[in-house]
Amino acid sequence: RGYSYMNLGLTDDAIKDFSNALRLDPGLIGAMNGRMFAYFMQADYIACDKQCMDILAKVGIGDRCAPYAVIMAAICRKQLRQLPERIALLNQALQTLSNKAWPYPIIQYMNEQVIAESVFQQATDNDKMTEAKTYVAFDLLADNKGAEASPMIMWVKEHGNKTFNEYDLVSALLLKL
């Protein structure tokens, strides 16, 4: 139900549902991920970063959902101007994760090892492009580069996978504007 609330833009209700689920079963990674995205939608970067770290502590950095917690934490830390902590997390992820697996290129971009175009070239399908454009755009927004982020945000809104949390993040941003 929490994800349904997020799709409707009702992030307070989503957070309550995810929190209730986690009270019943603290190991529900789906609820932890949902709460992470809901906090981000609310621009509560401190709570989102904490949720990301809780996810990483629970699953370990090698888990399949870990790269997304790293990406979200990196964006939050840029928003919060916690750049040394951001770099340390990105470096740890790059040393641990497979450089052949998606979304490794997004983490490389955030660590300033590749440019956005390189990430987009490695996004070999619409699902990966939805993620790539969303996360690159939010990273640019954290640098107050709205003009550069805008075409990516519009691409996600017009062409992105509507079943992805990234689509919901973009939709929530556009509702705020």
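Structure report, in brief. (Residues numbered from 1 in each chain as written. Predicted model: local features only at pLDDT ≥ 70, side-chain atom pairs only at ≥ 80, totals over all residues. Heavy atoms only, no water.)

We now examine the side chain of Gln-51. Residue placement: Gln-51 occurs in helix 4 (residues 45-59). Gln-51 gets classed as buried once you look at its relative accessible area, which sits at 3%. Apart from the residues within four sequence positions on either side, Gln-51 is in contact with Met-32, Arg-35, Met-36 and Tyr-39. (Helix = DSSP H or I, 4+ residues; strand = E, 2+ residues; numbered from the N terminus. Buried < 20%, exposed > 50% of the residue type's maximum accessible area, 1.4 Å probe, protein only. Contact = heavy atoms within 4.5 Å.)

This next bit is on the packing of aromatic side chains. Considering all chains together, one arrives at four aromatic pairs under this definition. Between Phe-40 and Phe-138, the ring centres sit 5.2 Å apart and the planes meet at 75 degrees, which makes this aromatic pair edge-to-face. Residue Phe-40 is located in helix 3 (residues 29-41), and its partner Phe-138 is located in helix 9 (residues 126-142); the two are separated by 98 residues in the primary sequence. Neither residue differs from the other here; Phe-40 and Phe-138 are each classed as buried. Taken together, the ring pairs in this structure connect Phe-40, Tyr-45 and Phe-138 into an aromatic cluster. In this structure, Lys-133 packs its charged tip against the face of Phe-120, placed 4.4 Å from the ring centre. (Phe/Tyr/Trp six-rings, centres within 6.5 Å; stacked < 30°, edge-to-face > 60°. Lys NZ or Arg CZ within 6 Å of the ring centre and 35° of its normal.)

Turning to the nonpolar core, a few remarks are in order. Counting 62 residues, the largest nonpolar core has Phe-40, Met-72, Met-110 and Tyr-135 as the members making the most contacts within it. Top element by residues in this core is helix 5 (residues 66-79). It accounts for 10 residues. Leave out the neighbours within four places in its chain, and Met-72 touches Met-36, Phe-37, Phe-40, Cys-48, Cys-52, Tyr-135 and Leu-169. (Core = buried A, V, L, I, M, F, W, Y, C linked by side-chain atoms within 4.5 Å.)

What follows deals with the packing of helix 5 against helix 6 (residues 83-96). For any two helices packed against each other, the geometry is given by the interaxial angle and the distance between the axes. Between helix 5 and helix 6, the least distance of the axes is 8 Å, while the angle of their chain directions is 160 degrees. Between helix 5 and helix 6, the interaxial angle falls into the category roughly antiparallel. When the axes of helix 5 and helix 6 are compared, the crossing they make is left-handed. In contact with Val-70, Ala-73, Ala-74, Ile-75, Arg-77 and Lys-78 of helix 5, helix 6 contributes Leu-83, Glu-85, Arg-86, Leu-89, Leu-90 and Ala-93. (Axes fitted to C-alpha atoms, helices over the stretch in contact; angles between N-to-C directions. Parallel < 35°, antiparallel > 145°, perpendicular 65-115°, else oblique. Left-handed = near helix turned anticlockwise from the far one by under 90°.)

Next up on the list: the environment of Cys-48. Along the chain, Cys-48 turns up in helix 4. Classification of Cys-48 by relative accessible area gives buried; the value is 0%. Measuring from C-alpha to C-alpha, the distance between Cys-48 and Asn-126 comes to 26 Å, with 78 residues separating the pair along the chain. Here Cys-48 is in contact with Met-36, Tyr-39, Phe-40, Met-72 and Cys-76, once residues within four sequence places are set aside.

The end-to-end C-alpha separation of helix 4 is 21 Å, in line with the 21 Å expected for 15 residues at 1.5 Å each. When we look at burial in helix 4, the residues that qualify are Tyr-45, Ala-47, Cys-48, Asp-49, Gln-51, Cys-52, Ile-55 and Leu-56. Contacts made by the buried residues of helix 4 are with helix 3, helix 5 and helix 6. Looking one or two places after helix 4, you find Gly-60, whose phi comes out positive at around 85 degrees. (Expected span 1.5 Å × (residues − 1).)

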